[in-house]
Amino acid sequence: MEAFSDMRTPAFVFTLDDIHSRLQVEVRSDTGNTEADRQTRNYYRQAANGLIWISRMGVNECADTLLSWLRQVGESGFSERSFMVSAIESDLIRLRTLDFYGDNHDINQIAGRLEYNLTKACLRYCYGQRFGFTNPFQLFNNMDVEKQDTLRKTTKYRTLYDVAMDLPSKKYAQDILRKVRQDSLTAYLHEIQPSSHYYHQLKAMLTHATASEQRRRILVNMERARWRCRQPIPEVGKRIIVNIPAYHLYAYDGGPVLDMRVVCGTQRTKTPQLRSYVEWMEINPQWVIPMSIVEHDVARHAGDSAYFARNRYNIYERSTNRQMAVHAVSRQMLLSGNYRVAQEGGKGNSLGRIVFRFKNNHSVFLHDTSNPGAFNRESRAASHGCVRVSSPFELANFVLDNPDEWLLDRIRISMGLAPETERGIDYVGKHREDDRKLIGYVPVKPRVPLYIIYNTLWPDADGMLQTWPDVYGYDDVIWKHLQPYL
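Residues numbered from 1 in each chain as written. Predicted model: local features only at pLDDT ≥ 70, side-chain atom pairs only at ≥ 80, totals over all residues. Heavy atoms only, no water.

Summarise the pairing of strand 3 (residues 145–149); cite the residues concerned and give the values.
Pairing of strand 3 with strand 4 (residues 154–157), which is carried by 4 bridges, proceeds in the antiparallel orientation. Opposite Q148, over in strand 4, you have T155 as the bridge partner. Where strand 3 hands over to strand 4, the hairpin turn is made up of 4 residues, of which K153 adopts a positive phi near 55°. (Pairing = 2+ DSSP bridges. Helix = DSSP H or I, 4+ residues; strand = E, 2+ residues; numbered from the N terminus.)

And the structure:
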């Protein structure tokens, strides 16, 4: 090495202390507020952390791999500026052509700036492509106030997004940077790309979209498709999808799609997004009135026997399940939570003649209705959060696995529909209408996957993407939080 000492040019020498000084300048000037930005600052604040992309041999080849992916972010509607593409390209060229002349172009300044921008861009891209550039739990579960205690200064929000998801661990940033050091970034960047047919439909649509409103709608729905749900919607197999903005239910099983209108929650009582399985049905169910409805609508009628009789409401003591006389229960007793109010099952019940049950944290379900006129409206936001279905018997037939005709007829008769078998016709002829309750509980085996989603661009029954109104304003929320990347 001594023989080459005369060729040593100070302008071409990396100095670790000077690179770290430049990194601290970058840390102090970085005002980005994404998780990737915070992780980048945290990493370089600690001088003990080594360089990721720069070594005595120059720049890691993973920089070129990353740059090739970053140059494609425009295809997803993002700005290259948000991923520092031009700055990274420029500094890579300067390092590789030894162009270290002029203000702010010292080799160590360039190396420090390039090191920081590569890490920040890499983390931004990987966080976003792997988990989504926004977090739906943070977006939607801090919107609608459920209860507020002004004395204790506490606020409880409604859970509007309740879907099990993959979320980044605290060590996710370290895992990515380890892949750069181990030169395994290429395979990982391929691995984290969204792969659903729906995502690629939207991406293809984006290439032809010119109107700003249309592009905006496509981008927010592409973002929804990046969220990694642990129960993803399959593209084959038996499944039920309720799309809230469309006010439609789609039931798929390989043949013609069962498509029906639905009624969803109002602005004040939004239907939550969730995923579950339909596990059983109840025919002529009793409706246990939610406490929120008791508080707002029922409690003020305490002691009014005519009101309770007219609506077929009964009051039960929760601890003993004993039915109480209406005149014996005061408003304060109803509000105490020690009593439940339930509507008798049968004709006129608010749940209609059948309810489809699935496990969830919100006491919501799919059900029939005693007010079918609501299905004729264009905007069908009218429930307290449950989903009312316009073709309940057809849905019952769908969820059952090869049901025999007598089972279907027992359901028909119990729902007040005309039987179709001789056995059913004979049964109806021998029993009064009030006695025609052949069946009450029907298990669904195997259980049927259910997805309650919110997408303002979604395929109709024919598979064609349709535009639906942003009824709850969720597109606006996502769009606002995508701004750092646009």
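Give me the lowdown on the side chain of T34, citing residues and values where you can.
Structurally, T34 can be placed in the loop between helix 1 (16–29) and helix 2 (35–45). Within the structure, T34 has its side chain in polar contact with the side chain of D37 (distance 2.9 Å). Excluding residues that lie within four positions of it along the chain, T34 makes contacts with R124, P484 and Y485. (Polar contact = N/O pair within 3.5 Å; in protein donor to acceptor, adjacent residues only side chain to side chain. Contact = heavy atoms within 4.5 Å.)

Lay out the pattern of salt bridges in plain terms, naming residues and giving numbers.
This model, assessed by the stated rule, comprises 26 salt bridges. The partner of D144 in a salt bridge is K270, with the nearest N and O atoms 2.6 Å apart. You can see D144 sitting in the loop between helix 6 (136–140) and strand 3 and its partner K270 sitting in the loop between strand 8 (258–265) and strand 9 (273–283), a full 126 residues away along the chain. When sorted by exposure, D144 lands in the same class as K270, which is buried. One salt-bridge network, in which partners are shared between bridges, spans E213, R216, R217 and D476. (Salt bridge = Lys/Arg side-chain N within 4 Å of Asp/Glu carboxyl O. Buried < 20%, exposed > 50% of the residue type's maximum accessible area, 1.4 Å probe, protein only.)

I'd love a proper account of the pairing of strand 14 (residues 354–358), names of residues and values included.
The element strand 14 is largely enclosed, with a buried count of 5 among its 5 residues. Residues I354, F356 and F358 point to one face of strand 14 and V355 and R357 to the other, with burial holding for every one of them. In terms of strand pairing, strand 14 meets strand 15 (residues 366–367) through 2 bridges, oriented antiparallel. Note on strand 15: the bridge partner recorded for F356 is L366.

Explain helix 11 (residues 291–298) residue by residue, including any values.
Within helix 11, the full set of buried residues consists of I293, V294 and V298. Buried residues of helix 11, seen end-on, are gathered within an arc of 105° and therefore sit on one face of the element. Of the surrounding elements, those touching the buried residues of helix 11 are strand 10 (287–288), helix 12 (305–310), strand 11 (313–317), helix 13 (331–335) and strand 13 (339–343). (Arc of directions from axis to C-beta.)

Please set out the sheet that holds strand 12 (residues 323–324) residue by residue, giving values where relevant.
An order of 10-13-11-12 is seen for the 4 strands of this open sheet, with the pairing classed as antiparallel. At either margin of the open sheet sits one strand with a lone partner, and together these are strand 10 and strand 12.

Explain the environment of M281 to me, and be specific about the residues and the numbers.
With respect to the helices and strands, the residue M281 is situated in strand 9. Considering only alpha carbons, one finds M281 and E235, 46 residues apart in sequence, at a separation of 25 Å. Contacts of M281, omitting those with residues within four sequence positions, involve I354, V355, F356, A396, V399, L400, G440, Y441, V442 and V444.

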